[in-house]
Amino acid sequence: MTGYIKKDWYVSRRPLLISIVLIALMAALSYYIRFAFDYGNLTSPEARANIPMCDILFCMLPSILFLFCSVLATIDSVLQDKKSHWNFFLFSTPISNRMIVLLKIGECYGLVLAGTVLMLAVNGVYGAVFGFRNVRTGCLVLIFICFSTLLLHLISLPFAYRSDSQNAVVGKLLLVTALPSYALLMGWALTHAEDLKKISPSDDISTLMLQFFREHAALLLTAAVILLAAATAIAYFGSLPAVQKRQELCGN
Amino acid sequence: MTDYENAIEIENLTKRYDGFTLQDVSFQVPKGSIMGFVGQNGAGKSTTMKALLNIVKKDSGNIRIFGLDHIRDEVEIKKHIAVVFDEVPFHDVLNAKQLSRILKSIYSEWDEHIFFQYLDRFSLPVKKPSGQFSKGMKMKLQIAAALSHNAKLLIMDEPTSGLDPVVRSEMLDVFMEYIQEEDHTILLSSHITSDLERIADSITFIHDGKLLLTEYKDDMLYRHGIIKCTQDEAAAFPDEEVVSIRITDFTASVMVNNRNNPIYAGYTVDPAPLDEILLYYVHAKNLRENSIHENSPRSDSPHAGTRTENGAAQEKRWQA
């Protein structure tokens, strides 16, 4: 069974390798800037006030980059299968359609898990060098981003199996994820306007974010489990008929 | 799974598409033999092969492979099948080494040693992406992959089309070697009848979604013959013996299906090559269908009712 996963790796590894190179470059840049705060031309107290925000951003940016690259890699592998006639071969091998979809879902989980571990390791080294105070918040945000990546991966599968181009898949994906997320955030901001007003410009963003996560941990974890189950169900039940349709198309 | 007589058994396979129907196709491929599957483009060869693999969902009929039901035991059957498609199904970025790693994890009986032996024999580079291969090299790669997991049944859809004669001959030798194992079977579709004459044990001929002929190749070649005679002589041959008659301005070539019949003693009966046999059968079928159409009671065609005393033989005539 792992042969199918190996195939996906060989076919789609380019965007992932590119993302790893970019993450390495970003890490180097973040070290360069962070050293500048301590020893270089950013040692003034005004400049050093930006350190918490920078620390969190340094943690977040690589994971956002990873998010884009890995989702694109997953979509790309599905689209490439169609273009290269791999599906003809796939449907002649000893694997059921159910297993094809389950393997793909497993790949999504595996890819995000590997990415999360990689990101945490990168941030762990950063934290070990410069202190974990802000990095801890960054890692929390990173986990949130990786979780969102997993949801995006899973939701993208039915679209990828049904579409012919990457643009179409990304367009549909944005339509069903970005717009509702934006509406949700805006709704939350409008209903919690009073709470937001309490935040003063001098408040430490790191502390505020940690506090928010702590206060809403139960709700967030429950929501995460429900969302994950829903996204997995969407991926499975949305992709299975699409795979069957692809099989029929191979027969025409 | 070892106790089976026919590697493939197809009974009354029917699949309907808009504008095309594969209708009641039945044939068997005995274990240890090579069956040539012939037909024009769009005749239904690929549909039949895809129905075998359950890629095409049949409307009715039964298919058994290795004695097992092709749907119920699909995964088990596919472990022992290798398929060669007319289009190479591997990604262009993959090289032979990567392909071997992939297939090793898909087929439990994958033999890396045999695969690399084939690559060496076919002079295929191991680390070059297959996208940079010529068409012949890609097909060789596909065939090498198909032959390297000890498949009991090799299903090939036009594997030699587009290959030059030298490579084609090389591939046919490889297929002959593969079939030396007594439980290995090949179903091979091809337009190149000379290839089939060389290696096939039996021939199945399909036309317009219907089975025209399925027979051992040697019997087929032994039975059929071409008689060159006048048109009047041709019209006198017994209808049931005549496949069809090709007429020119002054002469006729008659394909007969029992050339050893003593009634042809006064004629020279030439042996018929496979492609000629198939050609005459196609014309016979087309003429029969036209005749049925023209002679139907509701037909108001000016050609309707041309049946004569030599009626059927008359209907089997076609202009060269």
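Every value quoted in this text rests on a predicted model; they were computed, and no experiment measured them.

1. Some details on the overall build of chain A
Item 1. Broken down by element type, chain A carries 10 helices and 0 strands.
Item 2. Across chain A, helices and strands are ordered from the amino to the carboxyl terminus as α-α-α-α-α-α-α-α-α-α.
Item 3. Across the 252 residues of chain A, 42% fall into the buried class.
Item 4. The long-range fraction of contacts in chain A, counting pairs at least 24 apart against all pairs at least 6 apart in sequence, stands at 82%.

2. A look at the interface of chain B and chain A
Item 1. Contacts between the two partners involve 26 residues from chain B and, on the opposite side, 27 residues from chain A.
Item 2. Interface area, chain B with chain A, both sides summed: about 2400 Å², of which 64% is carbon and sulfur.
Item 3. The largest contributions to the chain B side of the interface with chain A come from B:Ile55, B:His91 and B:Ile106, which together make up 25% of the buried area.
Item 4. Linking chain B with chain A are 0 salt bridges.
Item 5. For the pair chain B and chain A, the interface holds 8 residue pairs in polar contact (both at pLDDT 80 or more).
Item 6. Within the residue set of the side of chain B that touches chain A, elements represented by two or more residues are helix H2 (74–78) and helix H3 (96–104) of chain B.
Item 7. Tallying contributions element by element places H3(B) first for the side of chain B that touches chain A, with 4 residues.
Item 8. Of the residues assigned to the side of chain B that touches chain A, the class counts are 16 nonpolar, 4 polar and 6 charged.

3. A closer look at the nonpolar core
Item 1. Judged by nonpolar contacts, the single largest core of 137 residues is most densely connected at B:Ile81, B:Phe115, B:Leu141, B:Leu154, B:Ile186 and B:Leu187.
Item 2. Considering every element that reaches this core, the biggest residue donor is helix H6 (residues 133–162) of chain A, with 12 residues.
Item 3. Mapped onto the domain boundaries, this core takes at least three residues apiece from domain 1 (6–220) and domain 2 (224–319) of chain B.
Item 4. Look past the residues within four positions of B:Ile186 in its chain and what remains in contact with it is B:Val29, B:Ser33, B:Ile34, B:Met35, B:Leu154, B:Met156, B:Phe175, B:Tyr178 and B:Ile179.
Item 5. B:Ala234, B:Ile245, B:Ala252 and B:Tyr264 belong to the second largest nonpolar core, which has 11 residues in total.

4. Here we look at the pairing of strand E9 (residues 202–207) of chain B
Walk down a regular strand and you will see the side chains alternate between the two sheet faces.
All names here are of chain B.
Item 1. Extensive coverage of E9 is indicated by the burial of 6 of its 6 residues.
Item 2. Burial along E9 is two-sided: the residues Ser202, Thr204 and Ile206 and Ile203, Phe205 and His207 are all buried.
Item 3. Pairing analysis gives 4 bridges linking strand E3 (residues 34–38) to E9, with the strands arranged parallel. Paired with methionine 35 across the bridge in E9 is serine 202.
Item 4. Relative to strand E10 (residues 210–216), E9 is paired through 6 bridges, and the arrangement is antiparallel.

5. Considering the packing of aromatic side chains
Item 1. Under the criterion given, the structure shown has 20 aromatic pairs over all chains.
Item 2. Between A:Phe58 and A:Tyr126 the ring centres are 5.9 Å apart and the planes differ by 75°, which places this aromatic pair in the edge-to-face class. Taken together, the positions of A:Phe58 in helix H3 (residues 51–83) and A:Tyr126 in helix H5 (residues 97–130) put the pair 68 residues apart, joining distant regions of the chain.
Item 3. With relative accessibility at 16%, the residue A:Phe58 sits in the buried group.
Item 4. Aromatic ring contacts, followed pair by pair, group A:Tyr31, A:Phe35, A:Tyr39, A:Phe58, A:Tyr126 and A:Phe130 into a single cluster.
Item 5. Cation over ring: B:Lys15 sits above B:Tyr17, and NZ or CZ is 5.3 Å from the ring centre.
Item 6. When the ring centre of B:Tyr4 is taken as reference, the NZ or CZ atom of B:Lys31 above it lies at 4.7 Å.

6. A word on the domain arrangement of chain B
Residues and elements named next belong to chain B.
Item 1. Annotation of chain B at the domain level lists domain 1 (6–220) and domain 2 (224–319).
Item 2. On the side of domain 2, 11 residues touch domain 1, which itself brings 14 residues to the contact.
Item 3. For the domain 1 and domain 2 pair, buried surface summed over both sides reaches about 1100 Å², with 74% attributable to carbon and sulfur atoms.
Item 4. Summed over the three residues of domain 1 that lose the most area to domain 2, namely Phe205, Leu212 and Met220, the buried surface amounts to 39% of that side.
Item 5. Here domain 1 and domain 2 share 0 salt bridges between them.
Item 6. Our enumeration of links across domain 1 and domain 2 arrives at 2 residue pairs in polar contact (both at pLDDT 80 or more).

Calculation criteria
- Residues numbered from 1 in each chain as written.
- Chains lettered and ligands numbered in written order.
- Predicted model: local features only at pLDDT ≥ 70, side-chain atom pairs only at ≥ 80, totals over all residues.
- Heavy atoms only, no water.
- Helix = DSSP H or I, 4+ residues; strand = E, 2+ residues; numbered from the N terminus.
- Buried < 20%, exposed > 50% of the residue type's maximum accessible area, 1.4 Å probe, protein only.
- Contact = heavy atoms within 4.5 Å.
- Buried area = accessible area lost by both parts, 1.4 Å probe.
- Salt bridge = Lys/Arg side-chain N within 4 Å of Asp/Glu carboxyl O.
- Polar contact = N/O pair within 3.5 Å; in protein donor to acceptor, adjacent residues only side chain to side chain.
- Nonpolar A, V, L, I, M, F, W, Y, C, P; charged D, E, K, R; others polar.
- Core = buried A, V, L, I, M, F, W, Y, C linked by side-chain atoms within 4.5 Å.
- Domains from an automatic or database assignment.
- Pairing = 2+ DSSP bridges.
- Phe/Tyr/Trp six-rings, centres within 6.5 Å; stacked < 30°, edge-to-face > 60°.
- Lys NZ or Arg CZ within 6 Å of the ring centre and 35° of its normal.

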